[in-house]
Amino acid sequence: MTAFANVAGVLGVPTSGGAFGLIVRIEDGLPVKALDRLAGKLAPGDTQFKYRLIPKATYERRKASNRLSSDEGERLARLARVWTLAVDVWGSDADARDFLFRPHAMLEDRRPVDVVIQSEIGAGLVLDVLGGLKYGTAA
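As a starting point, this report considers the structure included with it. (Residues numbered from 1 in each chain as written. Predicted model: local features only at pLDDT ≥ 70, side-chain atom pairs only at ≥ 80, totals over all residues. Heavy atoms only, no water.)

Grouped together as the largest cluster of nonpolar side chains are 39 residues, with contacts concentrated most on Leu11, Phe49 and Leu79. Of all elements in the fold, only α1 (3-11), α2 (18-28), α3 (32-42), α6 (70-90), α7 (93-100), α8 (112-118) and α9 (120-135) reach the threshold of two or more residues within this core. The leading source of residues in this core is α6, at seven residues. If sequence neighbours within four positions are ignored, Leu79 has contacts with Leu38, Leu42, Phe49, Leu53, Val113, Val116 and Ile117. (Core = buried A, V, L, I, M, F, W, Y, C linked by side-chain atoms within 4.5 Å. Buried < 20%, exposed > 50% of the residue type's maximum accessible area, 1.4 Å probe, protein only. Helix = DSSP H or I, 4+ residues; strand = E, 2+ residues; numbered from the N terminus. Contact = heavy atoms within 4.5 Å.)

Here we take up the environment of Phe49. Its location among the elements puts Phe49 in the loop between α3 and α4 (50-53). Phe49 sits in the buried class, given a relative accessible area of 1%. The spatial distance from the C-alpha of Phe49 to the C-alpha of Ala39 is 6.3 Å, given a sequence separation of 10 residues. Beyond its immediate sequence surroundings of up to four residues, Phe49 is in contact with Ala39, Leu42, Ala43, Leu79, Phe101, Val113 and Ile117.

A few words on α2. It helps to recall that an α-helix has 3.6 residues per turn; residues three or four apart then point in one direction. Three or more residues of α2 are buried, namely Gly21, Leu22 and Ile26. Across the axial projection of α2, the buried residues extend over an arc of 135°, all falling on one side. Opposite the packed face of α2, turned more than 90 degrees from it, sit the exposed residues Phe20, Glu27 and Asp28. (Arc of directions from axis to C-beta.)

Positionally, Val10 belongs in helix α1. For the pair Val10 and Ala80, spaced 70 residues apart in sequence, the C-alpha separation works out to 6.4 Å.

This is how it looks when you write it as structure tokens:
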């Protein structure tokens, strides 16, 4: 399975069309259930976590149309990309969650999940840490 298929799977969207199919789905607006699904994987016991990704008032408006904006979809895809690599590296959802929600020295003692949510550059930093763990460089 490709990385894009893994991301699509985490978000609960069809995998046809490969990477470009995922891009089109994000541009067209991912369904709101993609947010609920991702939040449930990352923080299953925290019903408020999804509001860290999209403010509550915005979430309520999006539920009416059942579509997220392309910016919101990109943020979800970014977090899903990191999640899939974290699960791959750590071997389980629980261990990936522990990594993402624990401060990390290579991220100036910030939690990886916070760094990923903040920006694409932050996601790149977290992916570098995970890549180092996966491929054997110090992390």
